[in-house]
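# Chains, contacts and geometry: an overview
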Amino acid sequence: MVSFSGNAEPVRISPKLATELSGYGITHFESLVPVDLFTWQNLFTAKGFIMMAVGGFFVGFGTRYAGGCTSGHAIMGLSSFQWPSLVATISFMTGGFIMANLILPFILKSL
Amino acid sequence: MEIKEIIKEHKHHQFLQENKDFEVRSLDTMCVNESELKHPWWYNLKYLAAGALFGIILVKAEVISWFRIQEMFRLQSFHMFGIIGSAVIVGMLSVWFIKKFNIKTIYGEPVEIPKKKFSKGQIYGGLIFGLGWALTGACPGPLFAQIGTGASVIIVTLLSAISGTWLYGLVRDKLPH
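Residues numbered from 1 in each chain as written. Chains lettered and ligands numbered in written order. Predicted model: local features only at pLDDT ≥ 70, side-chain atom pairs only at ≥ 80, totals over all residues.

## Digging into the overall build of chain B
Across its full length, chain B carries 8 helices and 0 strands. Start at the N end of chain B and walk to the C end: the helices and strands fall as α-α-α-α-α-α-α-α. When burial is assessed residue by residue, chain B has 27% of its 177 residues classed as buried. Residue pairs at least 24 apart in sequence account for 55% of intrachain contacts in chain B once pairs closer than 6 positions are excluded. (Helix = DSSP H or I, 4+ residues; strand = E, 2+ residues; numbered from the N terminus. Buried ≥ 20, exposed ≤ 12 C-beta atoms within 10 Å, placed from the backbone. Contact = placed C-beta atoms within 7 Å.)

## Thoughts on the nonpolar core
By size, the foremost hydrophobic cluster in this structure holds 51 residues, and its most contacted members are Phe58 of chain A together with Phe129 and Ala134 of chain B. Those elements giving two or more residues to this core turn out to be helix H3 (46–66), helix H4 (70–79) and helix H5 (83–110) of chain A together with helix H3 (45–60), helix H4 (66–73), helix H6 (121–136), helix H7 (140–148) and helix H8 (154–171) of chain B. (Core = buried A, V, L, I, M, F, W, Y, C linked by C-beta atoms within 7 Å.)

## Some thoughts on H8 of chain B
With 18 residues, H8 of chain B extends 26 Å between its outermost C-alpha atoms, agreeing within 8% with the 26 Å of an ideal straight helix rising 1.5 Å per residue. Taken residue by residue, H8 of chain B has Ile154, Thr157, Leu158, Ser160, Ala161, Gly164 and Tyr168 of chain B as its buried positions. The buried residues of H8 of chain B occupy an angular sector of 160 degrees when the element is viewed end-on, so they sit on one face. Exposed and oriented more than 90 degrees from the buried face of H8 of chain B are Trp166, Gly169 and Leu170 of chain B. Where H8 of chain B is buried, its residues meet H3 of chain A together with H6 and H7 of chain B. (Expected span 1.5 Å × (residues − 1). Arc of directions from axis to C-beta.)

## Concerning H5 of chain A
Counted at 1.5 Å a residue, the expected span for H5 of chain A with its 28 residues is 40 Å, and the 39 Å between its end C-alpha atoms agrees. Along its length, H5 of chain A reaches its greatest deviation from straightness, about 45 degrees, at Ile103 of chain A, and the proline Pro105 of chain A lies no more than four positions downstream. Among the residues of H5 of chain A, Pro84, Ser85, Val87, Ala88, Thr89, Ser91, Phe92, Gly95, Gly96, Met99, Ala100 and Leu104 of chain A are the ones counted as buried. Buried-residue contacts for H5 of chain A involve H3 and H4 of chain A together with H4 and H6 of chain B. (Bend = angle between axes of the 7 residues up to and from the residue.)

## Thoughts on the environment of Lys117 of chain B
All names here are of chain B. Summarising the element assignment, Lys117 is placed in the loop between helix H5 (79–100) and H6. Judged by C-beta crowding, with 13 C-beta atoms within 10 Å, Lys117 ranks as partly exposed. For the pair Lys117 and Val95, spaced 22 residues apart in the sequence, the C-alpha separation amounts to 19 Å.

## Points about the interface of chain B and chain A
One frequently used descriptor of interface size is the decrease in accessible area upon assembly of the parts. Facing the 67 residues of chain B at the interface are 60 residues of chain A. Looking at the side of chain B that touches chain A, the elements with two or more residues in it are helix H2 (22–27), H3, H4, H5, H6, H7 and H8 of chain B. Top contributing element to the side of chain B that touches chain A by residue count: H6 of chain B, with 16 residues. Across the side of chain B that touches chain A, the residue classes break down as 36 nonpolar, 23 polar and 8 charged. (Nonpolar A, V, L, I, M, F, W, Y, C, P; charged D, E, K, R; others polar.)

## Brief notes about the confidence of the model for chain B
Chain-level statistics for chain B give a pLDDT mean of 88 and a share of 88% at 70 or above. Our summary of model confidence lists the complex with pTM equal to 0.87 and ipTM equal to 0.92. (pLDDT = per-residue confidence, 0-100.)

The following block contains the structure:
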């Protein structure tokens, strides 16, 4: 049965990720946008401000600087065999790996 | 096609090939292959339909899930790689079909895919975007869909992203490209 209003079942996240996030006090995995992090109250904490305001700024600035986003470079650029898009896609992934593995654990733990 | 139209089309093709303005336009994230035809505003409603469908797919595929993005960058799940990978394959087939059968737009215009030029921005900007992607769990499209799921605070993330694009325009001349 196809429903167009939200998802019937919560995201089944990897147990490894769930264990790691529990250590940072993130225990609700039901919604697509974590309710333990992305709330109006959290916006006025250092952690929330970095994740929402600074993160959003990086997304906008970086996308325009790179001349495209996941759709334009990774999907459409690679589909039409454009090597500058491959460079951009590798850079997107590198930035993400650095943030998720090296910087974000510090932000979630210490702030 | 009439001779007049063929000439017009040829000129348009040359314009797309030789236009030196592309780099600036692509940096401005302005469309580089827009239609020359002028239509009343409500012709744009078809993009609303396509966008709404895209939004539904982003939610259904869990692409806008912050958790899925974390899994991707920690190599803990195949989910996102499978989605992006299959999207690239579908894209390749679409581009191949369009070129092979010379498929036109719904208004009969040819589909042109201009070549992208390398700039250092793809590296520096790409890295900055990657950092933001892992923080917010969203790239530009999903920001809108995240708001749509009821997470109203993401409006702040979206406004920050828009201010980022604005600041880029302000300091562009001082950045390496």
